[in-house]
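Structural features, examined
Here is how the chains run, residue by residue.
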Amino acid sequence: MDVLLLPFRWVYRGLVWFANSPRTLITSYLLMIVVAGVIYSHVEHRSATDSVWWAVVTASTVGYGDISPTTGAGRALAALLISTMVLLVIPLITAHFASQLIVDDDAFEHDEQEELKADVRRMRALLEELAARQGITLPPEPPPPPPPGVRRARRTRR
């Protein structure tokens with residue numbers, strides 16, 4: 001089953017990398033406009049400036065109608081450009097900017113979390129040492145949480 005999911009994991013990782021870089025997002029947007037414009041100019045026999053204008057208008061889904069494809073290849077290119085922009089690029093750009101607006105300044109950084117865990121371990125060791133001197137038995141430590149993605153087995157009652 002893992003082998004079947006491997007390509008989807010690669011695509012997901014690629015999208016995460018792609019979405020977390022504003023430079024990559026903007027570069028890819030501009031590259032899509034230029035490539036679509038070049039292809040459109042060859043397929044529809046239009047000038048380069050008209051073709052880039054068509055690509056911008058089509059990618060932004062404004063669709064003024066001043067320039068529209070007449071060939072099947074031009075229409076397929078328009079459908080691909082619109083679908084890619086609406087389903088992938090625009091949501092990634094929006095998500096990136098939204099994630100920049102939603103920043104929790106009080107959230108612990110990874111280093112701070114690791115430091116807190118180490119402090120708790122030291123306190124547990126000191127508590128166990130103190131309890132041993134006093135002859136007190138401490139309750140057992142709770143089991144560690146399962147790794148991400150692993151489900152715990154359910155207990156059945158009889």
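Everything here concerns the structure above.
In short, a report on the structure. (Residues numbered from 1 in each chain as written. Predicted model: local features only at pLDDT ≥ 70, side-chain atom pairs only at ≥ 80, totals over all residues. Heavy atoms only, no water.)

**Examining the nonpolar core**
To keep it simple, the criterion reads: What makes a nonpolar core is a set of buried Ala, Val, Leu, Ile, Met, Phe, Trp, Tyr and Cys residues whose side-chain atoms join them at distances within 4.5 Å. With a 1.4 Å probe rolled over the protein chains alone, any residue whose accessible area is under 20% of its type maximum counts as buried; one over 50% counts as exposed, and the rest are partly exposed. Strands here mean DSSP runs of E at least two residues long; helices mean DSSP runs of H or I at least four residues long; both are numbered from the N terminus. By definition, residues are in contact when any of their heavy atoms lie within 4.5 Å.
One finds Ile33, Ala36, Tyr40, Trp54, Ala55, Ala59, Ile67, Leu77, Ala78, Leu81, Met85 and Val89 forming the largest nonpolar core, which totals 12 residues. Elements supplying a minimum of two residues to this core: helix 2 (22–44), helix 3 (48–59) and helix 4 (72–101). It is helix 4 that contributes the most residues to this core, five residues altogether. Ignoring sequence-local partners within four residues, the contact set of Ala55 consists of Ile33, Ala36, Gly37 and Leu81.

**Overview of the packing of helix 1 (residues 2–19) against helix 4**
Keep this limit in mind: To obtain each axis, a line is fitted to C-alpha atoms, and for helices this fit is confined to the stretch in contact; angles are then taken between N-to-C directions over 0 to 180 degrees. Working definition: roughly parallel below 35 degrees, roughly antiparallel above 145 degrees, roughly perpendicular at 65 to 115 degrees, and oblique for all remaining angles. Crossing chirality is assigned from the near helix's rotation relative to the far helix, an anticlockwise turn below a right angle marking it left-handed and a clockwise turn marking it right-handed.
Where helix 1 meets helix 4, the axes come as close as 10 Å, and the angle between the chain directions of the two elements is 55°. For the element pair helix 1 / helix 4, the angle class is oblique. In this structure, the crossing between helix 1 and helix 4 has a hand that is right-handed. Between helix 1, through Leu15, Phe18 and Ala19, and helix 4, the contact on the second element is made entirely by Leu88, Leu92 and His96.

**Quick look at the packing of helix 1 against helix 2**
As a packed pair, helix 1 and helix 2 sit with axes 6 Å apart at the nearest point and diverge in direction by 100°. Here helix 1 is positioned roughly perpendicular relative to helix 2, judged by the angle of their axes. Contacts between helix 1 and helix 2 involve Trp17, Phe18 and Ala19 from the first element and Thr24, Leu25 and Ser28 from the second.

**Some points on the packing of aromatic side chains**
Think of a pair of aromatic rings as described by two things: how far the centres are apart, and how the planes are tilted against each other in angle. For clarity, the cut-off: Here is the rule: rings of Phe, Tyr and Trp (six-membered ring for Trp) pair when centre to centre is within 6.5 Å. Planes less than 30 degrees apart are stacked, more than 60 are edge-to-face, and the remainder are tilted.
Tallied over the entire structure, the rule returns two aromatic pairs. Relative to Trp54, the ring of Tyr40 has its centre 3.9 Å away and its plane inclined at 10°; by these criteria the two rings are stacked. Of the two residues, Tyr40 sits in helix 2 while Trp54 sits in helix 3, which places them 14 residues apart along the sequence. One exposure class covers both Tyr40 and Trp54, and it is buried. Ring plane angle 10° and centroid distance 5.9 Å describe the contact between Trp53 and Tyr64, whose orientation is recorded as stacked. Taken as a pair, Trp53 in helix 3 and Tyr64 in the loop between helix 3 and helix 4 lie far apart in primary sequence, 11 residues in all.

**Thoughts on helix 5 (residues 110–134)**
Formally: Take the number of residues in a helix, subtract one, and multiply by 1.5 Å to get its expected span.
Taking 1.5 Å per residue, 25 residues should reach 36 Å; helix 5 reaches 36 Å between its end C-alpha atoms and fits that length. Note on helix 5: the residue one or two positions beyond its end, Gly135, has a positive phi of about 80°.

**What about the pattern of salt bridges?**
When the charged atoms of two side chains lie near each other, side chains of opposite charge can form a pair. Here is the rule: Salt bridges are counted wherever a side-chain nitrogen of Lys or Arg sits within 4 Å of a carboxyl oxygen of Asp or Glu.
For the coordinates displayed, the defined rule picks out four salt bridges. The closest approach of N and O atoms between Arg122 and Asp119, which form a salt bridge, is 2.1 Å. Note that Arg122 and Asp119 are positioned in helix 5 at a spacing of three residues, about one turn of the helix. Residue Arg122 is classed as partly exposed on the basis of its relative accessible area of 49%. Residue Asp119 is classed as partly exposed on the basis of its relative accessible area, which comes to 25%. With a shortest N-O distance of 2.7 Å, Glu129 and Arg133 are connected by a salt bridge. Of this pair, Glu129 and Arg133 both sit in helix 5, four residues apart, which is roughly one turn of the helix.

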